[in-house]
Amino acid sequence: MVDFGDRLRNLRVRDGLTQEYLAKKLGVTKSTVSAYETGTKFPSHKVLLNIIKIFNVSSDYLLGIESKNNEIDLSGLTEKEAEAVINLIKAMKDR
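First, a word on what this report is: a plain description of the structure on this page. (Residues numbered from 1 in each chain as written. Predicted model: local features only at pLDDT ≥ 70, side-chain atom pairs only at ≥ 80, totals over all residues. Heavy atoms only, no water.)

1. Observations concerning the packing of aromatic side chains
Here comes step 1: For the coordinates displayed, the defined rule picks out one aromatic pair.
Here comes step 2: A centroid spacing of 4.8 Å and a plane angle of 55 degrees characterise the contact between Phe-4 and Phe-42, whose relative ring orientation is tilted. Here Phe-42 lies in the loop between α3 (30-38) and α4 (45-55) and Phe-4 lies in helix α1 (residues 4-14), a separation of 38 residues in the sequence.
Here comes step 3: The exposure class of Phe-4 is buried, given its relative accessible area of 9%.
Here comes step 4: The ring centre of Tyr-61 lies 4.5 Å from the NZ or CZ of Arg-7, which sits over that ring. (Phe/Tyr/Trp six-rings, centres within 6.5 Å; stacked < 30°, edge-to-face > 60°. Helix = DSSP H or I, 4+ residues; strand = E, 2+ residues; numbered from the N terminus. Buried < 20%, exposed > 50% of the residue type's maximum accessible area, 1.4 Å probe, protein only. Lys NZ or Arg CZ within 6 Å of the ring centre and 35° of its normal.)

Laid out in structure tokens, this is it:
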């Protein structure tokens, strides 16, 4: 099962955002974004709402209550590996 941290990381990588860039958009530190993604911290209500707006997803999806049929679980991959998978998918769609 994909948890909040994995979903956040997948969305961030999907959109080509760095942890540092997302942190600036959310008004938190890069290490805080990293903690969200590893599951050692959970965002405040205000930050959670900003994440929902930035990635244009439902709270149900982000919190794991609802899933998307075409979601790809990138957990366990390095950031470079995950980006490579996303870029491959984009290239296939552009054909």
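Continuing now.
2. A few points about the environment of Glu-83
Here comes step 1: The topology assignment puts Glu-83 in helix α6 (residues 79-94).
Here comes step 2: Take Glu-83: its relative accessible area is 34%, and that puts it in the partly exposed class.
Here comes step 3: The spacing of Glu-83 and Arg-14 is 69 residues in sequence and 7.4 Å in space, taken between C-alpha atoms.

3. Things to note about the pattern of salt bridges
Here comes step 1: Applying the stated criterion to the full structure yields three salt bridges.
Here comes step 2: Glu-79 is the partner of Arg-12 in a salt bridge, and the nearest nitrogen-oxygen pair spans 3.3 Å. Taken together, the residues span a long stretch of sequence, with Arg-12 in helix α1 and Glu-79 in helix α6 at a distance of 67 residues.
Here comes step 3: With a relative accessible area of 0%, Arg-12 lands in the buried category.
Here comes step 4: Classification of Glu-79 as partly exposed rests on a relative accessible area of 30%.
Here comes step 5: Here Asp-15 ties to Arg-14 by a salt bridge, and the two come within 2.7 Å at their closest N and O atoms.
Here comes step 6: Exposure remark for Asp-15: the relative accessible area of 35% places this residue in the partly exposed category.
Here comes step 7: In this structure, a network of salt bridges that share partners links the residues Arg-12, Glu-37 and Glu-79. (Salt bridge = Lys/Arg side-chain N within 4 Å of Asp/Glu carboxyl O.)

In short, shape yes, function no, at least from these values alone.
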